[in-house]
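A closer look at the structure
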4 protein chains.
Amino acid sequence: MLSRTINNNPEALISSYKAVRNYTTEICSRLEIEDHVMQPTAEVSPPKWHLGHTTWFFEELILVRFLSGFERFHANYNVLFNSYYKSVSKHWLQGERGHLSRPTVSEVLAYRSYVDEKIIELLSCENDHSELYSLLEIGLHHEQQHQELLFMDIKVILAANPLQPTYLEASIARAPTVVDKWTSFDCGVYEVGHNEAGFAYDNEMPEHRTYIHPFAMCENTVTNGEYLEFIHEQGYSTPKLWLSLGWDWLNQNNIRHPLYWQRCDEFWYEFTLNGRQLLDLNAPVSHISYFEADAFANWKGCRLPTEQELEIYLRMSTDVHFENNKNEHALHPLLASANIGQVWCWTRSHYSPYPGFRPFEGAIEEYNGKFMCNQFVLKGGCIATPKGHYRHTYRNFYQPQQRWMFSGIRLTKGI
Amino acid sequence: MLSRTINNNPEALISSYKAVRNYTTEICSRLEIEDHVMQPTAEVSPPKWHLGHTTWFFEELILVRFLSGFERFHANYNVLFNSYYKSVSKHWLQGERGHLSRPTVSEVLAYRSYVDEKIIELLSCENDHSELYSLLEIGLHHEQQHQELLFMDIKVILAANPLQPTYLEASIARAPTVVDKWTSFDCGVYEVGHNEAGFAYDNEMPEHRTYIHPFAMCENTVTNGEYLEFIHEQGYSTPKLWLSLGWDWLNQNNIRHPLYWQRCDEFWYEFTLNGRQLLDLNAPVSHISYFEADAFANWKGCRLPTEQELEIYLRMSTDVHFENNKNEHALHPLLASANIGQVWCWTRSHYSPYPGFRPFEGAIEEYNGKFMCNQFVLKGGCIATPKGHYRHTYRNFYQPQQRWMFSGIRLTKGI
Amino acid sequence: MLSRTINNNPEALISSYKAVRNYTTEICSRLEIEDHVMQPTAEVSPPKWHLGHTTWFFEELILVRFLSGFERFHANYNVLFNSYYKSVSKHWLQGERGHLSRPTVSEVLAYRSYVDEKIIELLSCENDHSELYSLLEIGLHHEQQHQELLFMDIKVILAANPLQPTYLEASIARAPTVVDKWTSFDCGVYEVGHNEAGFAYDNEMPEHRTYIHPFAMCENTVTNGEYLEFIHEQGYSTPKLWLSLGWDWLNQNNIRHPLYWQRCDEFWYEFTLNGRQLLDLNAPVSHISYFEADAFANWKGCRLPTEQELEIYLRMSTDVHFENNKNEHALHPLLASANIGQVWCWTRSHYSPYPGFRPFEGAIEEYNGKFMCNQFVLKGGCIATPKGHYRHTYRNFYQPQQRWMFSGIRLTKGI
Amino acid sequence: MLSRTINNNPEALISSYKAVRNYTTEICSRLEIEDHVMQPTAEVSPPKWHLGHTTWFFEELILVRFLSGFERFHANYNVLFNSYYKSVSKHWLQGERGHLSRPTVSEVLAYRSYVDEKIIELLSCENDHSELYSLLEIGLHHEQQHQELLFMDIKVILAANPLQPTYLEASIARAPTVVDKWTSFDCGVYEVGHNEAGFAYDNEMPEHRTYIHPFAMCENTVTNGEYLEFIHEQGYSTPKLWLSLGWDWLNQNNIRHPLYWQRCDEFWYEFTLNGRQLLDLNAPVSHISYFEADAFANWKGCRLPTEQELEIYLRMSTDVHFENNKNEHALHPLLASANIGQVWCWTRSHYSPYPGFRPFEGAIEEYNGKFMCNQFVLKGGCIATPKGHYRHTYRNFYQPQQRWMFSGIRLTKGI
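Let me begin by describing the structure that accompanies this report. Please read all numbers here as calculations on a predicted model, not as lab measurements.

**Side note on the overall build of chain A**
Along chain A, the regular secondary structure elements total nine helices and 12 strands. A compact globule built from 415 residues should have a C-alpha radius of gyration of about 22 Å, and chain A, at 22 Å, falls within 12% of that. On the principal axes, the C-alpha backbone points of chain A span a range of 65 × 55 × 35 Å. Looking at chain A as a whole, 61% of its 415 residues qualify as buried. Partitioning the contacts of chain A with sequence separation of at least 6, the portion at a separation of at least 24 is 79%. Counting every atom, chain A has about 15700 Å² of accessible surface; 48% of that belongs to carbon and sulfur. Averaging the positions of the 35 positive and the 49 negative side-chain charges in chain A gives two centres separated by 3 Å.

What follows is the structure in C-alpha cells.
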C-alpha cells in the first residue's frame, strides 16, 4: 500500500486534480515564452520542462498502465520528460534540458490538456481504483514539489539577467521586529516519522522511536540583520567557523553573502520574485547553503538542530494554520517568528533511511531512496511551498552547497 | 580610408540597408520564439542575440557618433549585445548568451525597428558622409556574416533536439555525379589579396606579391562518397594520418564521422536544414574539421592547398555568377563540381597578417587582427553565404576542431 | 582535558614515543628513495611527506610551545609540512605535495632525528606536564594514523606502476572457508561512544544513549567470492541497486570491480603489498567504495549497519586480542570470520557530531570536526592498523567514492 | 636518404656518440635522486624519463633492427620510454610520467650503460651502415634536444619548490648595456631552408624560394629593462595590445610578468638555474609566451619577424662562433646584442610544412610533421642549446602560451 488515506470520492479527487494542475499553469502564466526554456545552471530546470515532466508522470505511471487503449501524446516525450527513472526509459541529460527549443510551450500546454482529459476520463470510469488512487495522489504531491521548484527556478532565471526582471509586481510589507525566545525539551525516547492518516512519502516512514538528548530550540529563524552582523564580523574570512569542504567552496566560488544579496554603494539589496528590494533586516535570512548555516551557528556558539529535534519542535507548533503565514501577494519570507512556512531550516542530519525504511514499489521506487547520499535534511516548509503540501514529518533535502531554495537557519543548543 | 568604393547615392544605400536588414529577420521568421534563445554549445549564439548584436553594431558605431541627439534604445543593451569590442564597453560572456530570456524576441525586433528608423533618418540628412558610409558598409557586411552564422547556429540548435525539427520544408535535389579533373599552375611570383574597387575587410589587404611553387588543384571538392570510403578504410583509426592534436581531439570526443552524419541500421543519413536526408554520395562532404580534412588529404596522398594557391585558383574560376550555384529552395551543398558557393574549403594556411597588414581604425580595430592565432583560413564561400558577400580574396577562419560551418575539402598536390 | 588517562611515567612514555616513531621509518625502509616522493592522485601523499608531517606535528604543537629556547629545524618546513591547520600557518596545497623534490629524504630523516632528540630532552626535564602529555599522546596516535595511511599510499604508488613492484616479499596464506552466521540484537536504549580510561579522539565522545531497533549482524565480512558473484550477476550494470551519485561515479570512471582487481585471460588477480596474487575467493573483499558496499548489500536484500549497531556488535566481540588477527608477514586481509582487524567496514552512518560533541582545544580543534560533511563512518580496524591504535569506539571516515583504504562490507538486516 | 653528410669514420662517430651521451648524464649529475622523478606540470618531463627515453630511442630504432640477437634490457621499458611514436608501441601518458618511481635512477643508468655498450659493439662491426649512420645521427640530435629540455625542465622543477634550490652555484656576470640598431633588407625572392652538407631535420627541408617584402630587423633582443617599462605602462592591462586568446590566457592564469620574475618589496628578482638573482635590466628578457612577445611588439609599434625574415637575418650574422656567446659557468641569457645562442626568438610564423616537405621515413615519420598545428616557430638558439646543435635553418616550435623555454623577442618592422 502506497498510501493509507486516499480519498475514495472520485469527484473530490477530480476537483483536487484540476486545482493542482491549474496552479502549475497559473505559476507559468506570468512568464514570457522565452523564460520557459532557460536553464542558467544545471540544477535549475526550464519551466517548460516542469510543465512537461509533471504531465509525463501521470501519462507514464498512470495512463499507460490503467487506461486501456491509451495512446501516448507523442512517441518521444518519454525520453524528454523522464527525469531520472531508469527503470522506465532512457532520459535526456538533466544539464541539457535548456538545449531543447521544441516541443514549444504551446505544444507542451496541449500535452497537458490531452493528459488531463484522459485522466479525468479514467477517473470517471475506473472501478478497481486503490492503486490508481495512490499513484494519482503521489502524482499530485509530485506536481506540488515541482510548483515550489518552479518558483525557485524562475527566481534564478530572472536573477541571472542583468535587466533584473520582476516576476510579480506586488510590494512587500516590512517585516516586524523579532524578540529572541527559546523552548526547551527534556531527554528521553520520542516518536518521529509519519503515522497518521493522510499522505506521506516513503522516506518519512515508518514512525519510530529515537532517543533525544536535552535541547533548546530558538523560536525565531535567524534574520537578515543577524546575518549581516556575521558578515561584518568577518564570518566569511574566519576558517575555524567553517567545515573544510565549506571553506573550499567559499574560496573557489568567491562567496561573501547569501545568494541574492547585492551591495550597491553603501546599501544592501536583495533580489526577490517581486524585484530588487532594500534588504529587510527583520526578515528571515534565506537562500543560504548548509555551509553558511553551520558557520553562522558556530559563530553564535550554537548549532543546527537534528531533524528529529526540529520535527519534535514543529509538532508542538502553535501555527495551526500553515496558510496563515503566507503573504498574499508576495513570494518572499517575511516572518522570522513563524515556525513554519517561511524558510526551510537546515538540520545537521544527513538524509539517511529511517530504521525499517522501505521504498515505494514499482517505478517510483526511485523517488527518494537513491538520493540518500551527501544531502542534508531541511524541515519547516517555505513561502513557496504550495497549500496542502506541508507536513511536520516532511523531509526536504539538498546538497550542502546548494542555496537556490528558500533555505534559512533555526538555532539549537544542548542544555 | 576604410573602403574605397562606397556608393555615394543615399537612396541606393538606403535600399541596400533595408534589403540586408530585412533578410536577417526573414531568416528568423521560420523559427519558433523558443528557438531564438537556445545556445546548445558555447560557439553557437542564440538567433535573438544575432538580431540584437547586428543592430547594436549600427547603434553603437554609427548612431551614437553621427546622429546628434540620439538616445540609445535601452541603457543595458550595450552590455548585452556587444560581442567582444573591449574598447567600447564591458560585454556579456559569450558562453552565457543562452541564459538571457529578456529582452524578449519582440523587444529585440522593436529595437531593430528603432535603429533602422534612425539610420534611415541619418542617411537622409547627413552631409559629410565618407566615414559614415564606410562604417555603414562594414555594418552591412558584418550583418551578412551573421546571416551565415544564423544558418550555422540554427542547424546546431535544431540538430541538438531529438525531435529533429526541420527549418525549411523544401526537398533537396539529387547531386549529379562528379568526374575527377585537375588544373595545374606554374611556379613564380603571383599577386594575392584585395586591390580592386569594392569593399574588403582589412585582413584581405594589402594586395602583395608571393612566390608560388608548382601545384595542381582538383576541380571538384571531395564528395560524401569519397569520404565514406575513407571511413570504411579505417581512416578514423589510423594514427599516422592525423595531426597529433587531431588524434587527441578524435579520441577525447569519440569522433567517427562528419558532424551531422547519423548511421541507422545499414544506412547513412545526414541532418540538414531541410530535415534528415539519406546521405547523397555525390554531394560535397561538409561540416568537417581541419583535422579531418588534413587526415583525408594525407590518406589520398595529396594535401590541402595554401590560401594563396586557392585564391589563385578561384580567381580564374569560370563560375562567373556565384548566385547561380545556389539551390533555390534548399540550404544544403549539392554541387561538388562548383568552384565557389557550396562549401568553404580548408587551407593549410594559418590565419596570419598579410605583409603590411593594418587593422581598421577605431573600435573596429578589433574586428579581425586579434583572432590571428590558432585558426586556419577557409576560402570559396558556401551555400549559406549571402548574395553579394562573396569575394575571391575573402579569408574565412576557424579553429582546427570546429565544424559547425559548411566546411569541406578541395585537394591539392605539388607537381 | 584532552585525555583522561595519560601515562605519568616519563620513561614509559619515552619508550612508547621511540617505538611509534621508529615504526614509521621502518615502514619506509623498504622503499626506494624515488618511491618517497610520488603522488599519483591528490588523495595520496608522498611517504616523504608523511615522514615530515608527523614530525612537524611534534615540533609545532609541542616543542615550539613547551621547550624554551627551541629553534625550528628549518624556517620553511612549517609551510611544507602543515597539512590543513589554518590556525597555525599557511600550508602547501595537498594536491601538490608530489611536486616537491626538496627537502630530500635524507634531510627529512635528519629533521626527524632533530625533533626526536628535542622531544626526549623535553620529556626528561618537564615538570608541569599534563597538557604536554596529552598533546604527546595525540601526536603518537596521529602518527599511527599516518602509518596506516603510509601502507595505503604505498600500495597506490606501487600499483600505479606498470612494473608492479612488490613492497614485501612474504607469501600470503590461503584464506580458510567461511560459514555464514548471524547475531541478533534486541531493541532498546544502548550506550555508545567512548567512556573508558584510555585515549580517544574528540569525535568518539561523549558516551551517550541511543535507541536501537532490532537487528542482526553477519558474523563474517563479505568475501571476494561473494563479491565476484555480484559482478557475474550484473551488479555493476543494474541501476536500481545503486545510489544516484554512485551510478554516476560508476559510469564516469568506468568502474567494474574493486580497486586492485585485474582480469587477465580467464583469471582474476589482486594487486597486494605482497605483489600480484591470484584472487583468493575466501578472503574478505577490500578496497571498495561506499557506493559498491551499499549496492552489494541491496543486491543481497540486506543493508549496511549503522555505526551504533556495529559498535554494539564489536563491543561483544570475542576477538579479545586484535593483534592475533594479524598476518605476521603479509599485509593483506585474510580472515573474513574475524570481527576486527581485517577490513574497515562501511556503515550507513554519515560522519556527524555526537550529541554534546566538543572539539579538542587549541590548534587541534581542527583535527576532526571540520570534516563532518559528506563522509561515512567505517569501523573495525584493518590489517594495516598499527598495534595499540584500535578501539571499538573508533570512528574512521571516508568519502563515499574513496577506496584506497582497506575497506570492506559487513551485512546487517532488520529483524 | 635521411641525411646527406654522415660521417663515415666509425671511430669519430663512436667518439661523438660517447660525448653526447655523457653530456646528458653530466647534466643530471648535479641533481638529487628526488629531483629526477618530479613532474610539476604536464609539459615538463622528469629528468629520469629523459635519461630513459633518449636511450630507448637508440634501443628501439637501431639496436632492435640492426644488432642481430639483441635482447631488450627490459620487456616493459618500451611502453615507459616511448614518448609518442604510435607506430612503435603503446606509450605511457605524458602527463603521468611523474607517477613512476620505478625503474629507479640507478636502474635507468644501468639501462644507459647497457645500450651504450651495444651501440658501440654495433658500430665496431657493422658494414652496410648508411641507414644505421643516419638513424644514429638523428638519435644524437634527438638527445641534444632533450639536453636543452633537461635544462628547461630542471628549472621548472626547482622553481616550483618554495626552498628555491640552486642547480649551479656559479655567479652570473652583469650584462653590458645595449645600443639600439637596425639592419634593413630589400624585397625580392630569397632562398630559405636547409641545403648544405650536414645534418638537418625533415622540417627544415627542402630549401625553397620565398618572396620577401622590405623589412628591418633589430640587432638586439628586447631587454628586461625594456620589458619592465612595458609592465609599468600597463601593458598587461591594455586589451588592444593582445591577441584575443592571449587576453583570455592572461586573465585566466593571472599573468602579470615573465615566468620566473618575482617581486619582493620594491625589487624585481628572477629565478635562474644559478639561484634567485636581482633582475638584470640589460640582459635579454626570457621565458615569455608568444602572446607576451606579440603584445610587447604591438606596444612598441613594431611586429615579430616571420621565420623567413629571421632566417635571412641570422644567415648574415657575424656571430661566426655560436659557442663564443656561451657563459662558461652560468646558464642564463646575458647578451642582448648577440644574434644567436642567447634566447630563442618568437616569430609570427605558424609552424607549417615547407613547400615540398616530406617527412622522415619509418618510425621517425612521426618526429615533426604531426605537430604542425597551433604552434609558432622560434629561431636563434639559446644559452641551453648544446654545442653543435645550432643551425640558422633550425625550426624550433612551441604553443603560443608556453614559456618554460628560454624564449625572447627580436623586433621587426616593415620599411
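**Details of the pairing of strand 5 (residues 261-264) of chain D**
Residues and elements named next belong to chain D. Where strand 5 and strand 6 (residues 267-272) come together, four bridges link them in antiparallel fashion. When the sheet's bridge partners are listed, Trp261 is paired in strand 6 with Glu270. Linking two consecutive strands that pair antiparallel, namely strand 5 and strand 6, is a turn of two residues; a positive phi of about 55 degrees is found at Asp265 within it.

**Side note on the side chain of Ser289 of chain D**
Turning to its location among the elements, Ser289 of chain D is positioned in the loop between strand 7 (275-278) and helix 8 (290-299). Excluding residues that lie within four positions of it along the chain, Ser289 of chain D makes contacts with Trp249, Trp346, Pro400, Gln401, Gln402 and Arg403 of chain D.

**Examining unusual backbone geometry**
Of note, the bond from Met205 of chain C into Pro206 of chain C is cis; its omega dihedral lies within 30 degrees of zero at -5 degrees. Relative to the helices and strands, Pro206 of chain C resides in the loop between strand 2 (188-192) and strand 3 (208-212). Residues other than glycine seldom take positive phi values, yet His287 of chain A does so here, at roughly 60 degrees. Here His287 of chain A lies in the loop between strand 7 (275-278) and helix 8 (290-299). Of note, the phi angle at Asn254 of chain C is positive, near 50 degrees, even though the residue is not glycine. Judged by relative accessible area, Asn254 of chain C falls into the exposed class, the value being 57%.

**What about the interface of chain A and chain B?**
In this complex, chain A contributes 28 residues to the contact, which on the side of chain B involves 28 residues. Of the roughly 2500 Å² buried between chain A and chain B on both sides combined, carbon and sulfur atoms contribute 64%. In terms of surface lost to chain B, no three residues of chain A exceed Glu34, Arg102 and Leu163 of chain A, which account for 28% of the buried area on that side. If you look at where chain A meets chain B, you find two salt bridges. With a closest N to O distance of 2.5 Å, Asp35 of chain A and Arg102 of chain B form a salt bridge. In this structure, the connection of chain A to chain B is made through nine residue pairs in polar contact (both at pLDDT 80 or more). Broken down by secondary-structure element, the contributors of at least two residues to the side of chain A that touches chain B are helix 4 (105-125) and helix 5 (130-159) of chain A.

**Some points on the environment of Val20 of chain C**
All names here are of chain C. Along the chain, Val20 turns up in helix 1 (residues 10-28). For the pair Val20 and Glu121, spaced 101 residues apart in sequence, the C-alpha to C-alpha distance is 17 Å. Beyond its immediate stretch of four places on either side in the chain, Val20 contacts Leu140, Glu143, Gln144 and Gln147.

**Points about the sheet that holds strand 6 of chain D**
All names here are of chain D. Spatially, three strands are ordered 5-6-7 in an open sheet, and the strand pairing comes out antiparallel. Both edges of this open sheet fall to strand 5 and strand 7, since each of them pairs with a single strand only. Each strand axis lies, on average, 35 degrees off the axis of its neighbour in the sheet, ignoring direction. Relative to strand 5, helix 6 (residues 224-232) is tilted by about 65 degrees, and along the sheet it contacts strand 5 and strand 6.

**Side note on the relation of the copies chain A and chain B**
Its rotation angle being 180 degrees, the transformation that places chain A on chain B also includes 0.0 Å of axial translation and leaves an RMSD of 0.0 Å. These values place the two chain copies in the arrangement generated by a two-fold rotation axis. Taking C-alpha positions as reference, the residue of chain A nearest the rotation axis is Glu34 of chain A, located at 3.0 Å. Of all interface residues in chain A, 100% are interface residues in chain B too; the two copies therefore contact each other through one and the same surface.

Scoring rules and cut-offs
Residues numbered from 1 in each chain as written. Chains lettered and ligands numbered in written order. Predicted model: local features only at pLDDT ≥ 70, side-chain atom pairs only at ≥ 80, totals over all residues. Heavy atoms only, no water. Helix = DSSP H or I, 4+ residues; strand = E, 2+ residues; numbered from the N terminus. Rg over C-alpha atoms; globule rule 2.2 N^0.38 Å. Buried < 20%, exposed > 50% of the residue type's maximum accessible area, 1.4 Å probe, protein only. Contact = heavy atoms within 4.5 Å. Areas by Shrake-Rupley, 256 points an atom, 1.4 Å probe, with all protein chains shown as cover. Lys, Arg positive; Asp, Glu negative; His and termini not counted. Charge placed at Lys NZ, Arg CZ, Asp CG, Glu CD. Pairing = 2+ DSSP bridges. Buried area = accessible area lost by both parts, 1.4 Å probe. Salt bridge = Lys/Arg side-chain N within 4 Å of Asp/Glu carboxyl O. Polar contact = N/O pair within 3.5 Å; in protein donor to acceptor, adjacent residues only side chain to side chain. Axes fitted to C-alpha atoms, helices over the stretch in contact; angles between N-to-C directions. Least-squares fit on C-alpha atoms with pLDDT ≥ 70 in both.

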